Amino acid sequence: MGLEWKGPCWFIPGPTWLTPAVLEGLAQPTMTHRSPEFKSVMAELHGRLRHSFALTPTTTEVGQQAQEGEDGYSVVVVSGSGTAAMEMVIANRFGSNDQVLVPTNGKFGERVAQMCANFTQVTHLKGEWGRALDLNEIEQILSQGKHEALAICHNETSTGITQDAESLAKIAQKYDVSFILDGITSVGGLPVHPKLWNAEAVVVGGQKCTAGPSGISAVAISESYVEKMIAQRESGKGSPLYYLDLVQALKKAADDQTPWTPSINLCTGWVAALREQDKEGIEKRWERCARLANGVRSLFTSLGFELFADENQCSNTVTAIWYPEPDWGEEWRRWISVEKETFVIGGQDHVKGRIFRVGSMGVTSIEEMIEGCKRMIDGFKHFGMELPDVDVASHFR
Ligand SMILES: Cc1ncc(COP(=O)(O)O)c(C=O)c1O
């Protein structure tokens, strides 16, 4: 293991901390979005985003259709956070009479359901937070043949659970429904295989596993998605759209551009982050996230803490842990941030004040996590917990 970690420990599950190279990437002089200079930024962004999505590689060269690969998937960059990209995917593909099934087990899945309800007829299968989705129930509903799509939040950041996308993909294929994934905290940090899963659309947010800036996102869409979106448009039944028109965005992406003025410096910053991703290698990044999360799970359960998520589906990019004492849990979180410069996030909605969540995404190193865990344990001891002295590093080997 390398050097000891001295600085702040940042385990927020996005925005992740930005490396000096990314900060430099953000601080580029003004360029216009119709310049050759910007086209080369977009081409590189498209080419490298394909690696984040585990799509077939293309190129990072201008004028070479970097966004579109042999696997039939195209990537499109969206000026807006992941929510904008998800809205783009739903609003462009479905009409108000389309039935979309959204099974959920946390806050972000519920948001997918709310969003779909604005544009489609949604069947919201609202499950218990942190429990695995009920595949039999999903299959039973889809077997009725009413639904056009199955939409999920792949990695539920609110509860630290990763859905069984492979099994869900098989069910979607069996009943010939479109499979849509909010991959906002999975793409770049967990194995995501759009082609293998026959996914029509997958969304990623810049500030999460790719360790890029916030306020920018991207979608990967299949040929089938594009065909159905265009058919929807031609039928006149689609939702009214202008800024988030994916047909326009796709057309411009083919020329290494965007329809409207994009967030130019977020694009240059994201490129810098993706260069770092590619230097590490996407599979190596998945492995590092897994090692970080495994270590966190192993350490805290060995100390008697309980994990929030279903044990078979714990996420490798965020771990949710029950506070041993809800009475002072949030005070502990504030204390470690002020006294120890160690940052984790709390729970949302009904688990606010009851759980804390530790992100293991972006560029977090093993050394940073080991140091951060030591500081968290010091914090728990400060609040009176009697914990044994443990070899923290041994959980991360
Ligand atoms: C799984 C998931 N989906 C959606 C969002 C919303 O993304 P954004 O805030 O980038 O719009 C988040 C943010 O944390 C998330 O974790």
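Quick caveat: nothing in here was measured; it's all calculated off a predicted structure. (Residues numbered from 1 in each chain as written. Predicted model: local features only at pLDDT ≥ 70, side-chain atom pairs only at ≥ 80, totals over all residues. Heavy atoms only, no water.)

Looking only at helices and strands, the protein chain features 12 helices and 14 strands. Its C-alpha radius of gyration of 21 Å places the protein chain within 12% of the 21 Å reference for a compact globule of 397 residues. When the backbone C-alpha atoms are referred to their principal axes, the protein chain occupies close to 65 × 55 × 30 Å. Scored against the burial criterion, the 397 residues of the protein chain give a buried share of 58%. (Helix = DSSP H or I, 4+ residues; strand = E, 2+ residues; numbered from the N terminus. Rg over C-alpha atoms; globule rule 2.2 N^0.38 Å. Buried < 20%, exposed > 50% of the residue type's maximum accessible area, 1.4 Å probe, protein only.)

So, on to helix α7 (residues 223-235). Across its 13 residues, α7 extends 18 Å between first and last C-alpha, which sits within 8% of the 18 Å expected from 1.5 Å per residue. Each element contacted by the buried residues of α7 is listed here: α3 (82-93), β9 (201-205), β10 (217-221) and α8 (246-253). Phi for Gly236, located one or two positions after α7, is positive at around 75 degrees. (Expected span 1.5 Å × (residues − 1). Contact = heavy atoms within 4.5 Å.)

This part takes up the nonpolar core. Of all hydrophobic cores here, the largest spans 44 residues; its most connected members are Leu45, Phe53, Ile138, Leu150, Phe179 and Trp270. Non-local contacts of Ile138, meaning those with residues more than four positions away in its chain, are made with Leu101, Pro103, Leu125, Leu133, Leu150, Leu168 and Ile171. Core analysis: the second largest hydrophobic core is formed by 32 residues, Val100, Cys153, Met229 and Leu246 among them. (Core = buried A, V, L, I, M, F, W, Y, C linked by side-chain atoms within 4.5 Å.)

In this structure, Gly295 sits in helix α10 (residues 282-302). A C-alpha to C-alpha distance of 8.6 Å links Gly295 and Ile370, two positions 75 residues apart in sequence.

Before going further, it helps to spend a moment on the pairing of strand β5 (residues 149-153). With respect to burial, β5 is a largely interior element, five of its five residues being buried. Covered by surrounding structure in β5 are Ala149, Ala151 and Cys153 together with Leu150 and Ile152, the residues of both alternating faces. Two elements, strand β3 (residues 99-104) and β5, share two bridges in a ladder whose sense is parallel. Note on β5: the bridge partner recorded for Leu101 is Leu150. (Pairing = 2+ DSSP bridges.)

What follows concerns the sheet that holds strand β13 (residues 345-346). Ordered in space as β11-β14-β13, the three strands form an open sheet in which the pairing is antiparallel. Edge positions in the open sheet fall to β11 (318-322) and β13, since each of these has one partner strand only. Relative to strand β14 (residues 355-359), β11 is paired through five bridges, and the arrangement is antiparallel. Its bridge partner being in β14, Ala320 is matched across the sheet by Arg357.

The local shell around the ligand consists of Ser81, Gly82, Thr83, Phe108, Cys153, Asn155, Thr157, Asp182, Ile184, Thr185, Gln207 and Lys208. Between the ligand and the protein, one listed contact pairs an oxygen atom with a side-chain N or O atom of Thr157 at 2.5 Å. Relative to its unbound accessible surface of 390 Å², the ligand loses 85% to contact with the protein. Residue composition of the shell around the ligand, grouped by class: three nonpolar, seven polar and two charged. (Near = heavy atom within 4 Å. Polar contact = N/O pair within 3.5 Å; in protein donor to acceptor, adjacent residues only side chain to side chain. Areas by Shrake-Rupley, 256 points an atom, 1.4 Å probe, with all protein chains shown as cover. Nonpolar A, V, L, I, M, F, W, Y, C, P; charged D, E, K, R; others polar.)

With the rule as written, the count across this model stands at 19 salt bridges. Taking the shortest distance from any N to any O, the salt bridge between Asp278 and Arg48 comes out at 2.9 Å. Pair noted here: Asp278 is in helix α9 (residues 264-280) and Arg48 is in helix α2 (residues 36-52), with a separation of 230 residues, a long-range link. For Glu280, the salt bridge is made with Arg288, and the minimal N-O distance between the two is 2.7 Å. (Salt bridge = Lys/Arg side-chain N within 4 Å of Asp/Glu carboxyl O.)

In this section: the domain arrangement of the protein chain. With domains assigned, the protein chain is organised as domain 1 (9-17 + 281-396) and domain 2 (20-279). Here domain 1 and domain 2 have C-alpha centroids that lie 28 Å from each other. For the pair domain 1 and domain 2, the summed buried surface comes to about 2600 Å²; carbon and sulfur atoms form 54% of the total. Broken down residue by residue, the surface that domain 1 buries against domain 2 is led by Arg285, Trp286 and Gln313, which jointly contribute 25%. Here domain 1 is connected to domain 2 by one salt bridge. (Domains from an automatic or database assignment. Buried area = accessible area lost by both parts, 1.4 Å probe.)

Once that is clear, we can look at the environment of His395. Along the polypeptide, His395 turns up in the segment after α12 (366-382). Those residues in contact with His395 that sit more than four places away from it in its chain are Gly295, Ser298, Leu299 and Ser302. One polar contact links the side chain of His395 to the main-chain amide nitrogen of Leu299, over a distance of 3.4 Å.

Quick look at unusual backbone geometry now. Note that the residue after Gly14, namely Pro15, is joined by a cis bond; omega there is 0 degrees. Relative to the elements of secondary structure, Pro15 occurs in the loop between β1 (9-10) and α1 (20-26). The phi torsion at Asp256 lies on the positive side, around 55 degrees, for a residue other than glycine. Of the residues examined, Asp256 reaches a relative accessible area of 1% and is grouped as buried.

Bringing the side chain of Ser217 into the picture now. Positionally, Ser217 belongs in strand β10. Judged by relative accessible area, which is 0%, Ser217 ranks as buried. Only 2.8 Å separates the side chain of Ser217 from the backbone oxygen of Gly80, close enough to count as a polar contact. One polar contact links the side chain of Ser217 to the main-chain carbonyl oxygen of Ser81, over a distance of 3.3 Å. Ignoring any residue separated from it by four or fewer positions in sequence, one finds Ser217 in contact with Val76, Val77, Val78, Gly80, Ser81, Gly82, Ala85, Val204, Gly205, Gly206 and Trp270.

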